[in-house]
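What the coordinates show
Spelled out, the chains give:
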Amino acid sequence: MPAVKKLFFGSGQRPLRQQLAITLAGILSLSILISILLLNILFGWQARQLIDQRAAFFMDAMLSVREYTSKKVNPILAPLNQGAGLFRPEAVPSYSAQTVAGLLKGKPEFREYSYREAAINPTNLRDKADSFETGVIEAFRRNPSLKIQSGEKSTPLGTVHYVAQPIKVGKESCLVCHSTPDRAPASQLLAYGDTGGFGWKLNEIVGTQIVTVPQAAVFMAKDRSLLLTAALLVVAFGVVGVVMNAVLDRLILRPMRDISRKADEASVTPATVNFEERERRDEIGLLARSFERMKQSLAISMQMLKDRQGKA
Ligand code: HEC
């Protein structure tokens, strides 16, 4: 690999400054490339984490609204729903959770967030599963051990991430309103009719709770951060390159040029030249001391030559 060797150890064919520039440019570009590739993986993983966290949080928040409704609101409103009066849907967890989610979705920054309780045979027609949701529900029915489904879903707003959980008729109490119309409160029949949301069985999976959270925007933000990081790396490495070049000049090149100039001078008039760099304790000092010794031997040889010429 002579090219790599040349890159790291210089070619000796150009000024040191250029050799260093080539070496630095090679190493720094390679480092930037590798860093960006690794950061792309890291940022991608972080973006996924963020999307998953948001989906989990949103789902938990909606489940909490459900729980609040069934524990705190339902006991107060349930008696009102018993008769043939106005049905208060606020007593129904599914209604309250979807209403809260709807309010949230109304805010521009949460447009891509949604929470639905979709059923194949719903009480409220708004909750009728569309073809995508029907597929999700059927997958849960086919495989009862499946507790969660997630993935990408394209919507008019762009690609979103969805997480779905099965809704099971877990309690006998559900069947009061969801088995046969004659068991349901009269007010419910007045409000929703007697066709939808009945005939559910205990332990049957009747629907799915499905949340969506933004995905495309998160990945776009990730790409922006990656680009910014790349730009910062290029700038930082550029600064390192310039500084290294200046340091090389001050530390090595300038003293070497000085010593070389003095050595030229010493080859003609050794007595007038002073290698004061010999005081230095680094390699430049070493070089200067060598030249100083050579200068002195040269001076002695010249003197001897002169003496001999004088005698002759
Ligand atoms: C007091 C009657 C009542 C009880 C008890 C009840 N529900 Fe409902 N349920 C309703 C009504 C009414 C709706 C429609 C609410 C709306 O307009 O959003 C509904 C809606 C739903 C939905 C959304 C899909 C649809 O049918 O519109 C699901 C899922 C659901 N209920 C599941 C359950 C489960 C599970 C239980 C037992 C834990 C339960 N329900 C207990 C009356 C009831």
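Anything mentioned here points back to the structure above.
Computed from a predicted model, the values in this text were never measured in an experiment.

1. Here's the deal with the pattern of salt bridges
Inspection of the entire model under this criterion finds 17 salt bridges. Residue Asp249 pairs with Arg17 through a salt bridge whose shortest N-O separation is 2.9 Å. With Asp249 in helix α7 (residues 216–266) and Arg17 in helix α2 (residues 16–82), the pair connects residues that are 232 residues apart, well separated along the chain. We classify Asp249 as buried; its relative accessible area is 10%. On the basis of relative accessible area, Arg17 is assigned to the partly exposed category, the value being 38%.

2. So, the packing of aromatic side chains
Applying the stated rule across the entire model yields five aromatic pairs. Ring plane angle 80 degrees and centroid distance 5.6 Å describe the contact between Phe58 and Tyr113, whose orientation is recorded as edge-to-face. Taken together, the positions of Phe58 in helix α2 and Tyr113 in the loop between α3 (93–106) and β1 (114–119) put the pair 55 residues apart, joining distant regions of the chain. The two residues Phe58 and Tyr113 agree in class, both being buried. Measuring from centroid to centroid gives 5.0 Å for Phe132 and Tyr162, while their planes differ by 90 degrees, and the two rings are edge-to-face. Of the two residues, Phe132 is situated in helix α4 (residues 131–142) and Tyr162 in strand β3 (residues 158–168); the sequence distance between them amounts to 30 residues. With a relative accessible area of 27%, Phe132 lands in the partly exposed category. Residue class for Tyr162 comes out buried when judged on its relative accessible area of 10%. Taken together through their ring pairs, the aromatic side chains of Phe58, Phe110 and Tyr113 make up a single cluster.

3. Points about the site of the ligand
Around the ligand, the structure places 20 residues, and the nearest of them are Asp127, Cys174, Cys177, His178 and Tyr192. The separation between an oxygen atom of the ligand and a polar main-chain atom of Thr123 is 2.6 Å. Structurally, the ligand is housed in the largest pocket. When residues of the shell around the ligand are traced back to their parent elements, those giving at least two are α3, β1, β3, α5 (175–178) and α6 (186–192). Broken down by class, the residue content of the shell around the ligand amounts to ten nonpolar, six polar and four charged.

4. A closer look at α7
Taking 1.5 Å per residue as the helical rise, α7 with its 51 residues ought to reach 75 Å, and the 73 Å between its terminal C-alpha atoms agrees with that figure. Taken as a whole, α7 carries its principal kink of about 45 degrees at Asp249.

5. Details of the environment of Val211
With respect to the helices and strands, the residue Val211 is situated in strand β4 (residues 205–214). Placed 29 residues apart in sequence, Val211 and Asp182 show a C-alpha to C-alpha distance of 33 Å. Not counting residues up to four positions away in its chain, the partners in contact with Val211 are Ala55, Phe58, Met59, Ser114, Tyr115, His161, Tyr162 and Val163.

Rules used in this analysis
Residues numbered from 1 in each chain as written. Predicted model: local features only at pLDDT ≥ 70, side-chain atom pairs only at ≥ 80, totals over all residues. Heavy atoms only, no water. Salt bridge = Lys/Arg side-chain N within 4 Å of Asp/Glu carboxyl O. Helix = DSSP H or I, 4+ residues; strand = E, 2+ residues; numbered from the N terminus. Buried < 20%, exposed > 50% of the residue type's maximum accessible area, 1.4 Å probe, protein only. Phe/Tyr/Trp six-rings, centres within 6.5 Å; stacked < 30°, edge-to-face > 60°. Near = heavy atom within 4 Å. Polar contact = N/O pair within 3.5 Å; in protein donor to acceptor, adjacent residues only side chain to side chain. 1 Å grid on protein atoms, 1.4 Å probe; cavity = no way out; pocket = protein on both sides within 12 Å on 5 of 7 lines; lining within 4 Å. Sits in = over half its atoms within 2 Å of the grid points. Nonpolar A, V, L, I, M, F, W, Y, C, P; charged D, E, K, R; others polar. Expected span 1.5 Å × (residues − 1). Bend = angle between axes of the 7 residues up to and from the residue. Contact = heavy atoms within 4.5 Å.

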